[in-house]
Every structure is written in C-alpha cells, then in structure tokens.
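Each chain is listed here by its residues.
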Amino acid sequence: MFKLIAQNGVEYPLAAPVTTIGREGCDILLLHDGQVSRQHAQLEQRGDTLVLTDLGSTNGVFVNRVRLQEPRPLQPGDVVRVGDTALTVVAEGNIGATRLMSEPPQWQAPPVPGDVYIPPPVSHAPVAYGQPAKDKSIVYLLEILLLGLGWIYAGETGTGIAILVAWVVVGLLIGIPVDIATGGFACLCTGPLAILAYTLSVTQLSKYMK
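Residues numbered from 1 in each chain as written. Predicted model: local features only at pLDDT ≥ 70, side-chain atom pairs only at ≥ 80, totals over all residues. Heavy atoms only, no water.

Some points on the overall build of the protein
- Looking only at helices and strands, the protein features four helices and eleven strands.
- The buried share among the 210 residues of the protein stands at 31%.
- If you take every contact in the protein between residues at least 6 apart in sequence, the share linking residues at least 24 apart comes to 42%.
- Accessible surface computed for the protein: about 12900 Å², of which carbon and sulfur atoms make up 62%. (Helix = DSSP H or I, 4+ residues; strand = E, 2+ residues; numbered from the N terminus. Buried < 20%, exposed > 50% of the residue type's maximum accessible area, 1.4 Å probe, protein only. Contact = heavy atoms within 4.5 Å. Areas by Shrake-Rupley, 256 points an atom, 1.4 Å probe, with all protein chains shown as cover.)

Here is the structure:
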C-alpha cells in the first residue's frame, strides 16, 4: 500500500482503490492551497501500481517537476505537485528504500497552464579567454611612428583614436603651419612639447601592456 507525505510532514494513507485530491468533495482536501482546483487529481491503485491522473485542473499536475500529460504510474520517491503542495510517494513498509529528501523541497509558483517544465540546456559554449598578447615591440614601434597607432594595436581603440586625432589636429594641422610662419622659431617650443607627448604616451602604454 502507498501513502503520500506532504512537505510539512502530514501523511495521507492511500487505503481506497481510488483517491482524489482537491479543495472540494475530495478524499485529500488541500483547503490551504489556493492554486489547487476543486477536483484536481486522482490516484488509482491497480494491483501493485499507483496511477496518477490529472482531473482537468487549472494549474496542472507535476511529477518530479514535469507536467503530467496523461495518466502515469508512480514509483516510491516520486514527488507529485498539485498547486503549491508537494507530495512524496512512499510505499508503506519499505520507507527506507524510498528517495525521501531530508528537507522538504522548495517549490516555485505553478507555471502558466499549458507549460511543460523543461530543464535548462547545459551550455557547451567555449570559454572566452583573453585575446592573445600583443607583441610589445610592434606596439611601441607603431606608437613612435605616429601617436595613437600603438594604442589601437594594443586593443585600446578609443584611447588610440583620441590621441591620434589630437596629434593630427594640434601637432600637424596647427604646429607645422605655425613653424613655417615663424621661420622655424616656434619649433623651439613645439619640439619639446612633441617629445613630451611621445614620452607620456609611450610610458602609459608600457604600463598598460604590463
């Protein structure tokens, strides 16, 4: 003979050939569970087999988190959920052989009617590792040839473009015409500034590459 044990420890012996579960006019009344239909599910003992049937409930019947689609034979240790109530199937006289959990399971709210519980797929996507290390000599060479190129090659595209634009605008479009207009005199000021700009950029780039 079988019995059901709720997560709160209440036991429901299944002595009759047919046992109904619901909130009204049933053998097992779950009045506290508002998610249970008035006539929710039926358990029928056919010899040594216990068969579970959904009686057209609104929120469905679940066995081990899979929604019941047709009458299903149960095994000791199966967990039946009606509404928010979990009931574990136990074969009386052989409780030690069942798969009862030491603590009651924590259930979520019932799915939308018609939904079937499907375990989430196991992801086999490759792990994303960091990009291969850049050749530092190439990074520094590009940065010396033109400020900003080294940063772009190193993967800092935004920083590289900003430095490159600033260098083109200030160093080339403004600095060269000023040098020409002053007969090279302005180069005495712009030259050290250019050297300082290169030094700062390469130094920060070196720290970034570490």
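A closer look at the confidence of the model for the protein
- Of the residues in the protein, 70% reach a pLDDT of 70 or more, and the chain-wide mean stands at 76.
- In this model residues 95-110 is a low-confidence stretch, pLDDT under 50, and it forms 30 contacts with partners more than four residues away in sequence or in other chains.
- Low pLDDT, under 50, characterises residues 117-133; the predicted model gives this stretch three contacts beyond four residues in sequence or across chains. (pLDDT = per-residue confidence, 0-100.)

A word on the sheet that holds strand β5 (residues 41-46)
- One open sheet accounts for five strands, arranged β4-β3-β5-β6-β9; its pairing is mixed. With one partner strand each, in any of the chains shown, β4 (28-29) and β9 (72-74) form the two edges of the open sheet.
- Where strand β3 (residues 18-22) lies against β4, two bridges are found, and the strand directions are parallel. Its bridge partner being in β4, G22 is matched across the sheet by L29. (Pairing = 2+ DSSP bridges.)

With respect to the pairing of strand β6 (residues 49-54)
- Sheet topology note: the β5/β6 ladder contains six bridges and is antiparallel. Its bridge partner lying in β6, Q42 is registered against T53.
- Turn length for the β5-β6 hairpin, with the two strands adjacent in sequence and antiparallel, is two residues, and the turn residue G47 shows positive phi of about 70 degrees.

Here's the deal with the sheet that holds strand β7 (residues 61-63)
- The six strands are arranged β2-β1-β11-β10-β7-β8 in an open sheet whose pairing can be described as antiparallel. Of all the strands in the sheet, the pair left with one neighbour each is β2 (11-13) and β8 (66-67).
- In the sheet, strand β1 (residues 2-6) pairs with β2 via three bridges, with the strands oriented antiparallel. Pairing of L4 across the sheet is with Y12, part of β2.

Some details on the packing of aromatic side chains
- Counted according to the given criterion, the structure contains zero aromatic pairs.
- R81 extends its terminal NZ or CZ atom over the ring of F62, reaching a point 4.3 Å from the ring centre. (Phe/Tyr/Trp six-rings, centres within 6.5 Å; stacked < 30°, edge-to-face > 60°. Lys NZ or Arg CZ within 6 Å of the ring centre and 35° of its normal.)

Section: the nonpolar core
- L4, I21, L43, L52, L74, V80 and V82 are the most contacted members of the largest nonpolar core, which has 22 residues in total.
- Elements with a contribution of two residues or more to this core: β1, β5, β6, β7, β10 (79-82) and β11 (85-91).
- With near-sequence residues (within four places) excluded, I21 lies in contact with L4, C26, I28, L30, Q39, H40, A41, L43, V82 and L87. (Core = buried A, V, L, I, M, F, W, Y, C linked by side-chain atoms within 4.5 Å.)

What about unusual backbone geometry?
- The backbone of N64 shows a phi angle near 50 degrees, a positive value even though the residue is not glycine.
- Mapping N64 onto the fold places it in the loop between β7 and β8.
- The phi angle at R65 is positive, at roughly 75 degrees, despite the residue not being glycine.
- Among the structural elements, R65 can be located in the loop between β7 and β8.

Brief notes about the pairing of β1
- The element β1 is largely enclosed, with a buried count of five among its five residues.
- With burial as the criterion, each face of β1 is covered, one bearing F2, L4 and A6 and the other bearing K3 and I5.
- In sequence, β1 turns back onto β2 through a hairpin of four residues, with G9 there showing a positive phi of about 95 degrees.

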